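Tertiary structure, described
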Amino acid sequence: MSRYLSARYQALDRYVPGEQPQDKQYIKLNTNESPYPPSPEVIASIGDREVSDLRLYSDPECKLLRSKLADRYSVAPEQIFLSNGSDDILNFAFMAYASDGGKVAFPDITYGFYQVYADLYRSDTLIIPLNDDFSIDHTQYLGLGRMIVLANPNAPTGLALSLSEIEEIVSSNPNNVVLIDEAYVDFGAETCLPLLSKYENLLIVRTYSKSRALAGARLGFAIGNPSIIDDLNRIKYVTNPYNVNRLTQIAGAAAIDSDEYFMQNCRRIASTREAVEQKLTDLGFEVIPSKANFIFTKHPRFDGKVLYQRLKERGILVRHFSLSRISQYNRITVGSEAEMATLIDVLKDILSKG
Ligand SMILES: *Cc1c(COP(=O)(O)O)cnc(C)c1O
């Protein structure tokens, strides 16, 4: 740290991203990336011409992408906001609705970035513990009178709330934004898109990083009431109007055109997930039933951290969180069928050696 850094940033806890090690080839099951490449249309969409055009700025309004997404989700283009990954949108939303003592609530076990943003913007934060089985008690979010941020399905548990539970939360907090982070919704949970026409305080956040196999392109979008989208644009235009680069806009548009390819991969990943959950259960693991592209699991005979380390030694990376309530667990991304077969073989071997 230099001596020039503003006092307010000196003590902030950082978000800790999953490892992206370069030392050797791992089976990477730690950051919920897709095991499958983007569609052939996405790959073909970027050539010499598009690279040459990088001399030009990108479209700050993302017009093409907004109109394609509006068609895809049956909303108006004014209801769509695009940004440099959905983390960027979460950042803007905390800045817009929970800064300088603004009130916000989220669960104790959820996406770690929410707490980082709440600290950054000095929010008045209410942390609501999950139930013992890691489910969210939605009744604790009714009539809270503060911004609410929920990942649905939740991370790292993979458990989802139903549409009617989310509707109760949204309708009982009419004077606050309810942000539903649907990063993993395409793997089997219910989207709350049908609520959009009824509630002006609902903000849905999505990402291309998981179900669209474009984590490295950095593209996220939000769907909401036009006035909420206008708020996000205000913040974008006082920070970084060109926040979605040209190549990403082109790839993102091609991805919408080949939506069926991606949805098919999501279904394939969901069916791999079911098969692996069964195999893990057979090996004695406790498995939280997941609606996402990862499995949250622990073994009664193995410390979570030790299992993470054993797997890493054997070339398989999974995600371990040191937070005490979940330190016995690991979050395992659902990879390809072949990767998961290797995982199961390696786990059998580790378990047999005690
Ligand atoms: C991965 C993830 C994000 C971030 O996605 P990016 O678009 O890559 O920034 C946001 N929320 C949750 C719950 C996630 O798991």
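Our structure's up above, just so we're on the same page.
Predicted model only: the values in this text are computed from it and were never measured.

1. Here we look at the side chain of S123
- Residue placement: S123 occurs in the loop between α6 (113-120) and β4 (124-128).
- Here A98 takes part through its backbone oxygen, which lies 2.6 Å from a polar atom of the side chain of S123.

2. A word on the nonpolar core
- If you look at the biggest cluster of nonpolar residues, it comprises 50 residues, and the most contacted ones within it are L65, L69, L82, F134, L150, L202 and Y208.
- Broken down by secondary-structure element, the contributors of at least two residues to this core are α4 (63-73), β2 (80-83), β5 (147-151), α7 (163-171), β6 (178-181), β7 (202-207), β8 (220-224) and α9 (246-257).
- For this core, the element with the most residues is α9, which contributes five residues.
- Excluding its chain neighbours within four sequence positions, the residues that come into contact with L202 are V170, V178, I180, C192, L195, L196, I223, G224 and N225.
- Judged by nonpolar contacts, the second largest core, of 31 residues, contains A183, C266, I332 and M340.

3. Concerning the site of the ligand
- For the ligand, the full set of nearby residues is G85, S86, D87, Y111, D181, A183, Y184, T207, S209, K210 and R218.
- For the ligand, an oxygen atom lies 3.0 Å from a polar atom in the backbone of D87.
- One of the side-chain N or O atoms of K210 is found 3.0 Å from an oxygen atom in the ligand.
- Burial of the ligand by the surrounding chains reaches 93%, relative to a free accessible area of 390 Å².
- When grouped by side-chain class, the residues that make up the shell around the ligand number three nonpolar, four polar and four charged.

4. Some points on helix α12 (residues 337-352)
- For α12, with 16 residues, the first-to-last C-alpha span of 23 Å sits near the 22 Å given by 1.5 Å per residue.
- Where α12 is concerned, the buried positions are M340, L343, I344, V346, L347, I350 and L351.
- Where α12 is buried, its residues meet β1 (27-29), α10 (259-282), α11 (304-313), β11 (316-318) and β12 (330-333).
- Where α12 ends, the next residue or the one after it, G354, has phi of about 70°, a positive value.

5. Details of the pattern of salt bridges
- This model, assessed by the stated rule, comprises 20 salt bridges.
- We note a salt bridge from D53 to R49, for which the minimum N-O separation is 3.8 Å.
- Relative accessible area serves as the criterion here: at 60%, R49 is assigned to the exposed category.
- Measuring nitrogen to oxygen at the nearest pair gives 2.7 Å for the salt bridge that ties R212 to D186. Residue R212 is found in the loop between β7 and β8, and its partner D186 is found in the loop between β6 and β7; the two are separated by 26 residues along the sequence.
- The exposure class of R212 is buried, given its relative accessible area of 5%.
- When salt bridges with common partners are traced through the structure, they connect R72, E182, D186, R206, R212 and D259 into a single cluster.

6. With respect to a nonpolar patch on the surface
- Together, M1, L5 and Y9 make up a nonpolar patch on the protein surface, roughly 340 Å² of accessible area in all.
- With respect to the helices and strands, the residue Y9 is situated in helix α1 (residues 7-10).
- Y9 sits in the partly exposed class, given a relative accessible area of 39%.

7. Remarks on the packing of aromatic side chains
- Inspection of the entire model under this criterion finds 18 aromatic pairs.
- Arranged with centres 4.4 Å apart and planes meeting at 5°, the rings of F113 and Y117 form a pair that is stacked. With a gap of four residues between them, F113 and Y117 both fall in helix α6, about one helical turn apart. We note that F113, like Y117, is buried.
- Feature note: the residues Y15, F94, F106, Y111, F113, Y114 and Y117 constitute an aromatic cluster, connected by ring pairs.
- Over the ring of F294 we find R331; its NZ or CZ atom is 5.7 Å from the centre of that ring.

8. Some details on the sheet that holds β6
- Overall, mixed pairing links the seven strands, which are arranged β2-β8-β7-β6-β5-β3-β4 in an open sheet. Each edge of the open sheet carries a strand with a single partner, namely β2 and β4. Adjacent strand axes in the sheet meet at a mean angle of 20°, parallel and antiparallel pairs treated alike.
- In this sheet, β4 lies alongside strand β3 (residues 103-107) in parallel orientation, the contact comprising five bridges. Counterpart to A105 in the pairing with β4 is L126.
- Its contacts with the sheet put helix α8 (residues 226-236) on β2, β7 and β8, and the angle it makes with β2 is roughly 25°.

9. Some details on the environment of G112
- Note that G112 resides in the loop between β3 and α6.
- Looking at G112, the relative accessible area reads 36%, which means it is partly exposed.
- With 98 residues separating them along the chain, G112 and R14 place their C-alpha atoms 9.6 Å apart.

So, how was this worked out
Residues numbered from 1 in each chain as written. Predicted model: local features only at pLDDT ≥ 70, side-chain atom pairs only at ≥ 80, totals over all residues. Heavy atoms only, no water. Helix = DSSP H or I, 4+ residues; strand = E, 2+ residues; numbered from the N terminus. Polar contact = N/O pair within 3.5 Å; in protein donor to acceptor, adjacent residues only side chain to side chain. Core = buried A, V, L, I, M, F, W, Y, C linked by side-chain atoms within 4.5 Å. Buried < 20%, exposed > 50% of the residue type's maximum accessible area, 1.4 Å probe, protein only. Contact = heavy atoms within 4.5 Å. Near = heavy atom within 4 Å. Areas by Shrake-Rupley, 256 points an atom, 1.4 Å probe, with all protein chains shown as cover. Nonpolar A, V, L, I, M, F, W, Y, C, P; charged D, E, K, R; others polar. Expected span 1.5 Å × (residues − 1). Salt bridge = Lys/Arg side-chain N within 4 Å of Asp/Glu carboxyl O. Patch = residues over 30% accessible without salt bridge, like charges linked within 9 Å, V, L, I, M, F, W, Y side chains within 5 Å. Phe/Tyr/Trp six-rings, centres within 6.5 Å; stacked < 30°, edge-to-face > 60°. Lys NZ or Arg CZ within 6 Å of the ring centre and 35° of its normal. Pairing = 2+ DSSP bridges. Axes fitted to C-alpha atoms, helices over the stretch in contact; angles between N-to-C directions.

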